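Topology and contacts: notes
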Amino acid sequence: MDDWDVPYRQSVYEVLALLRGDWTVAVLATLALGELEFTKLRNEVNEAEERSGWTAHSKPLTARTLTDTLRRLEQDGLVERRAEGSAFSNVWYKLSPDGRALLRALRPLATWSQQRHDQARTDSPGHR
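Residues numbered from 1 in each chain as written. Predicted model: local features only at pLDDT ≥ 70, side-chain atom pairs only at ≥ 80, totals over all residues. Heavy atoms only, no water.

1. Regarding the packing of helix α3 (residues 38-51) against helix α4 (residues 63-75)
- Following both chains from N to C, one finds α3 and α4 inclined at 105 degrees, their axes separated by 11 Å at the closest point. Looking at the two axes, α3 sits roughly perpendicular to α4. Taking contact as the criterion, the partners of F38, L41 and R42 in α3 are, on α4, A63, L66, T67 and L70.
- Taken together, the residues of the contact of α3 with α4 break down into five nonpolar, one polar and one charged. (Axes fitted to C-alpha atoms, helices over the stretch in contact; angles between N-to-C directions. Helix = DSSP H or I, 4+ residues; strand = E, 2+ residues; numbered from the N terminus. Parallel < 35°, antiparallel > 145°, perpendicular 65-115°, else oblique. Contact = heavy atoms within 4.5 Å. Nonpolar A, V, L, I, M, F, W, Y, C, P; charged D, E, K, R; others polar.)

Spelled out as structure tokens, the structure:
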């Protein structure tokens, strides 16, 4: 089947499926900063969540959840994995070209969401 034959609605479902998981966007956004070693990636995600007041998540990202998220993102072609040496050496992750393109595509949605949030705050009865 040619890519152009996929209906618009199906394409939206496919993108949403790529973004499934509580930590997917946080991991992708953190990797936008560049390649990170596993532990550093987990720490960076949790530090960003802490700075935001844990508004998106109620508890820190665990190593197990990060592993599952990264495996899925790698399988979906959004993240690339690099390991050096033995089985117990450090592992680094970075966005693939598709991962970077996805984040660029999400920017207008984030802008729309922020504008919607700002408008709702402006329209609220307590705001003058």
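2. Regarding the packing of aromatic side chains
- One pass over the structure, following the stated rule, counts zero aromatic pairs.
- One cation-aromatic arrangement involves R82 over W92; the distance from NZ or CZ to the ring centre is 4.4 Å. (Phe/Tyr/Trp six-rings, centres within 6.5 Å; stacked < 30°, edge-to-face > 60°. Lys NZ or Arg CZ within 6 Å of the ring centre and 35° of its normal.)

3. Comments concerning the side chain of T24
- Its location among the elements puts T24 in helix α2 (residues 24-31).
- Looking at T24, its side chain comes within polar contact range of the main-chain oxygen of R20, at 2.5 Å.
- Discounting chain neighbours no more than four positions away, the residues touching T24 are L18, L19, T69, R72 and L73. (Polar contact = N/O pair within 3.5 Å; in protein donor to acceptor, adjacent residues only side chain to side chain.)

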